[in-house]
Amino acid sequence: MYKLLSSGTDGADPLNEVTKWSDTLFKSFTNAEMWERIMFSSLRIVLIFILTRIAIRIIYKVIDRSLKRKDKSRLKMNRRRFVTLGKLLKNVTSIVSNLIMVMLIFGEFGFDVRPLLAGASVLGLAIGFGAQSLVKDVMTGFFIILEDQFAVGDVIQTGTLRGTVEMIGLRSTRLVSSTGEVHIIPNGIFTNVTNYSVGNSVAIVDVPFSTDKQYEETTALMKKAMQKLAEENEYITEMPTVLGIQTLSTTEFMLRIMCKCPVGAKSEIERLIHKYVKQALEQQAEVSV
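Residues numbered from 1 in each chain as written. Predicted model: local features only at pLDDT ≥ 70, side-chain atom pairs only at ≥ 80, totals over all residues. Heavy atoms only, no water.

Draft legend 1. Spatial organisation of the packing of aromatic side chains. Summed over all chains, the structure comprises two aromatic pairs. Measuring from centroid to centroid gives 5.8 Å for Phe 209 and Phe 253, while their planes differ by 25°, and the two rings are stacked. Here Phe 209 is found in strand 6 (residues 201-210), whereas its partner Phe 253 is found in strand 8 (residues 252-261), with 44 residues between them in sequence. Each member of the pair, Phe 209 as well as Phe 253, is classed as buried. The cationic tip of Lys 90 hangs over the ring face of Tyr 60; the distance from NZ or CZ to the ring centre is 5.4 Å. (Phe/Tyr/Trp six-rings, centres within 6.5 Å; stacked < 30°, edge-to-face > 60°. Helix = DSSP H or I, 4+ residues; strand = E, 2+ residues; numbered from the N terminus. Buried < 20%, exposed > 50% of the residue type's maximum accessible area, 1.4 Å probe, protein only. Lys NZ or Arg CZ within 6 Å of the ring centre and 35° of its normal.)

Draft legend 2. Quick peek at the UniProt feature "transmembrane region" (unreviewed entry) in the protein chain. As annotated in UniProt, the feature "transmembrane region" (unreviewed entry) corresponds to residues 38-60, 81-107 and 113-135 in the numbering used here. Along residues 38-60 one finds 100% helix and 0% strand; the C-alpha atoms at either end are 33 Å apart. (UniProt positions renumbered as here; feature names shortened; annotations may be inferred.)

Draft legend 3. Layout of helix 6 (residues 132-147). With 16 residues, helix 6 should cover 22 Å at 1.5 Å per step; its first-to-last C-alpha distance of 22 Å lies within 8% of that length. Burial in helix 6 covers these residues: Asp 137, Gly 141, Phe 142, Ile 144 and Ile 145. Buried residues of helix 6, seen end-on, are gathered within an arc of 160° and therefore sit on one face of the element. Following helix 6 by one or two positions, Asp 148 has its phi on the positive side, about 55°. (Expected span 1.5 Å × (residues − 1). Arc of directions from axis to C-beta.)

Draft legend 4. Up close: a positive patch on the surface. A cluster of like positive charges, contributed by Arg 53, Arg 57, Lys 61, Arg 65, Lys 68 and Arg 69, occupies part of the molecular surface. Tracing the sequence through the fold places Arg 65 in helix 3 (residues 32-71). (Patch = residues over 30% accessible without salt bridge, like charges linked within 9 Å, V, L, I, M, F, W, Y side chains within 5 Å. Areas by Shrake-Rupley, 256 points an atom, 1.4 Å probe, with all protein chains shown as cover. Salt bridge = Lys/Arg side-chain N within 4 Å of Asp/Glu carboxyl O. Lys, Arg positive; Asp, Glu negative; His and termini not counted. Charge placed at Lys NZ, Arg CZ, Asp CG, Glu CD.)

Here is the structure:
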């Protein structure tokens, strides 16, 4: 009976097995090289975590400062749009940074991260092929906002479309034409944009006169009319200039008048120039009669 218990069912001595297992466990716990590897790996993991948090904080501050400078610039955007853009950038930063941190920590635990990287690259490639236009729209919209290419309220033209910017989004821009049509334009198609709201505009009016009219007399009449226009309209800071003959034919000559005007006031100034030219011609006709 004693022999049977001591040998066990397979003939092995349980005491010897327990002793071997305890010796192995003791050697593992007393293995200085193993504990050294664990200590250095733990230190590297803690360092990776701390550096990731610091990097995220630094990028967050850069984003906040950049958006704060844009908030004080010419950009006439709703503050909520800056908050939305800031949150978007911070979320992207957090996701990318934490993903890199997890990959590095897996490497410290001995996992081979190359299959994960390969899978992520394949997934990213598939998403890229499936949403190329969306990614292009978002990236272009981001740089439009960041670089202040145009702002809400600006008059711009892209291709054959011209109008006032009503809304700028990361994916599309809403443009309202002078006749009221609303154009929704994907940001990715903005290749060439003309912004008419940066700097002063120039109003140009060409007035036709018969060749029977005397040039010097007509020019003097137009200068007098433009002086009156500048005196009666306070928002015109500079008197319109009569440049001279622009075109000439056998029946008429075209006199060009130019006036620098504030942003968005070009059409109104041109209408005023036509109005004062007409009034001056009517007064001259009455005097002649």
